[in-house]
Amino acid sequence: MAILELEAVEKSFPARGGPPTLAMDRLSLSVRDGEFLSILGPSGCGKSTLLQIAAGLMAPSAGQVRVAGRPVTGPPPEAVYVFQQYGRSLLPWRSVRDNVAFAVEHRPGMSRGRAREAADVQLASVGLTGFGDHFPWQLSGGMQQRVALARALAAEPKILLMDEPFSAVDALTRLDLHRLMLELWEKRGLTVVLVTHDVEEAVALSDRVALLTKRPSTIARVVETGLPRPRDAVEVRETARFLELRHELLDALLTRGGHAA
Ligand SMILES: Nc1ncnc2c1ncn2[C@@H]1O[C@H](COP(=O)(O)OP(=O)(O)O)[C@@H](O)[C@H]1O
Ligand SMILES: [Mg+2]
């Protein structure tokens, strides 16, 4: 069953003194309930635009977006959006615990104390037990991204929409976060839509990879990875199927810029 559907979605941005820029051209995509789907494409092709439209943060110029069968007119309650710039999305004057509590403290009937308890549970699930009293800027980039994840999960979303969440951390930290991501996805039965320009990341984590064309973006193709579950995000990189997919997708990105064959 589809939990998120985009149907013939178009987006154009006004351009000063010229015709509008068409960023997305009749893009259709159906995300299955519970899957891990990556959206892969070259820089500037429209990945962030696509995700923001799916998250109800930006209205499409044309086309339909549905979450759980309902038309999206604003941020749907089922989905949480994780920004690329996690450093900027955390509140520097709030402790790590209070940053996570922020996601739930405004709920009716929620006390400050209960929100903090809920935050500690989420912090434990991302491996940050004992860091609740720290401030975000006292933590490494990878740890800050874990805080951002904990805050997203505190809202108990069904769908996690993530915009290049691991692009700003070093390679080793990124692998660590990949493992954490798969663990959280498996345990919580989440649907994840991950935007990335990193072919290996897309293949290692996903059930399906949707390859975008250059701007104006549309879906060039959707590849079913067929890689096993449960899966170790590091060990899977040594399998023949991983290497085959990496080759195929890199080739598509490099030689055709993502355009359909
Ligand atoms: N708010 C905006 N106003 C005008 N143009 C925009 C805006 N947002 C994105 N664009 C343009 O749309 C295209 C896609 O951008 P974006 O979705 O950010 O790409 P990506 O995330 O794949 O790098 C780019 O050409 C970008 O310049
Ligand atoms: Mg982007």
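In this convention, every chain numbers its residues from 1, walking through the sequence in written order. The order in which chains are written sets their letters, starting at A; the order in which ligands are written sets their numbers, starting at 1. The model is predicted, so local features are restricted to residues of pLDDT at least 70 and side-chain atom pairs to those at 80 or more, both for listing and for counting; the totals for chains, interfaces and linings are taken over all residues. Each side-chain value is derived from all of the structure's non-hydrogen atoms; neither hydrogens nor water enter the calculation.

Visitor: Before we move on, could you go through the sheet that holds strand E6 (residues 79-82) and cite the residues and values that matter?
Guide: For two strands to pair, DSSP has to find at least two bridges joining them. The helix count covers DSSP runs of H or I at least four residues long, the strand count covers runs of E at least two residues long, and both are numbered beginning at the N terminus. Taken together, the six strands give an open sheet; going across it, the order is E6-E7-E8-E3-E9-E10, and neighbouring strands pair in mixed fashion. The open sheet has two free edges, formed respectively by E6 and strand E10 (219-224), since each of these has just one partner strand. Averaged over all pairs of adjacent strands, the angle between strand axes in this sheet comes to 15°, irrespective of strand direction. Strand direction decides the pairing type here: E6 and strand E7 (residues 159-163), joined by four bridges, are parallel. Within E7, the residue paired with Val 82 across the bridge is Met 162. Contact definition: two residues touch when any of their heavy atoms are within 4.5 Å. Angular values range over 0 to 180 degrees, each being the angle between N-to-C directions of two axes fitted as lines to C-alpha atoms, with helices fitted over their stretch in contact. Those strands touched by helix H5 (residues 141-154) are E6 and E7, and its axis lies near 150° from that of E7. Against the sheet, helix H6 (residues 171-188) engages strand E3 (36-40), E7 and strand E8 (191-196), with an angle of about 135° to E3.

Visitor: Outline the sheet that holds strand E1 (residues 2-13), supporting the account with residue identities and numerical values.
Guide: As summarised here, the arrangement of the four strands in space is E2-E1-E4-E5, forming an open sheet in which the pairing is antiparallel. Of all the strands in the sheet, the pair left with one neighbour each is strand E2 (21-32) and strand E5 (70-71). Inspection of the sheet shows E1 paired to E2 by eight bridges, in the antiparallel sense. Each residue of the ladder has a partner; that of Phe 13, found in E2, is Thr 21. Where helix H1 (residues 47-54) meets the sheet, its contacts fall on E1, E2 and strand E4 (62-67), and the angle it forms with E1 comes to roughly 125°.

Visitor: Describe the site of ligand 1, listing the residues and the values that go with them.
Guide: Residues are counted as near a molecule or strand when any one of their heavy atoms sits within 4 Å of it. Around ligand 1 sit Phe 13, Ala 23, Pro 42, Ser 43, Gly 44, Cys 45, Gly 46, Lys 47, Ser 48, Thr 49 and Arg 215, and that is every residue in its neighbourhood. Think of a polar contact as two N or O atoms within 3.5 Å of one another; within protein, one of them needs to be a possible hydrogen donor and the other a possible acceptor, and neighboring residues in sequence only count if both atoms come from side chains. In this structure, an oxygen atom belonging to ligand 1 sits 2.6 Å away from a side-chain N or O atom of Thr 49. Note on areas: Shrake-Rupley, 1.4 Å probe, and residue coverage restricted to the protein chains presented here. Calculation on ligand 1 without its partners gives an accessible area of 560 Å², and the protein chains cover 60% of this total. Here the element with the most residues in the shell around ligand 1 is H1; it accounts for three residues. Taken together, the residues that form the shell around ligand 1 break down as four nonpolar, five polar and two charged. Ten residue types, Ala, Val, Leu, Ile, Met, Phe, Trp, Tyr, Cys and Pro, are classed as nonpolar, four, Asp, Glu, Lys and Arg, as charged, and the remainder, Gly among them, as polar.

Visitor: With reference to specific residues and values, describe the UniProt feature "domain: ABC transporter" (unreviewed entry) in the protein chain.
Guide: With numbering matched to this structure, UniProt assigns "domain: ABC transporter" (unreviewed entry) to residues 4-239. The distance separating the terminal C-alpha atoms of residues 4-239 is 30 Å; by composition the span is 30% helix and 26% strand. UniProt positions are given in the numbering used here, feature names are shortened, and annotations may be inferred rather than shown by experiment.

Visitor: Describe the domain arrangement of the protein chain, and please don't skip the residues or the numbers.
Guide: The accessible area lost on association of the parts is a frequent measure of interface size. Boundaries of every domain are those given by an automatic assignment or by a domain database. Each domain of the protein chain was delimited in the assignment, giving domain 1 (2-78 + 161-256) and domain 2 (89-156). The gap between the C-alpha centroids of domain 1 and domain 2 is 26 Å. For the pair domain 1 and domain 2, the summed buried area comes to about 850 Å², and 66% of that belongs to carbon and sulfur atoms. A pairing counts as a salt bridge when a side-chain nitrogen of Lys or Arg comes within 4 Å of a carboxyl oxygen of Asp or Glu. One can count one salt bridge joining domain 1 with domain 2. Its salt-bridge partner being Arg 146, residue Asp 176 comes within 3.4 Å of it at the nearest N-O pair. There are four residue pairs in polar contact (both at pLDDT 80 or more) connecting domain 1 and domain 2. Considering every element that reaches the side of domain 1 that touches domain 2, the biggest residue donor is H6, with seven residues. Put simply, buried area is the surface a 1.4 Å probe can reach on two separate parts but cannot reach once they are joined, added for both.

Visitor: Please provide a residue-by-residue account of H1, values included.
Guide: When you tally the buried positions in H1, you get six out of eight residues, the bulk of the element. Here H1 has its buried residues at Lys 47, Thr 49, Leu 50, Leu 51, Ile 53 and Ala 54. Immediately downstream of H1, the backbone of Gly 56 shows phi near 75°, a positive value. Relative accessible area decides the class of each residue, using a 1.4 Å probe on protein chains only: under 20% of the type maximum gives buried, over 50% gives exposed, and in between gives partly exposed.

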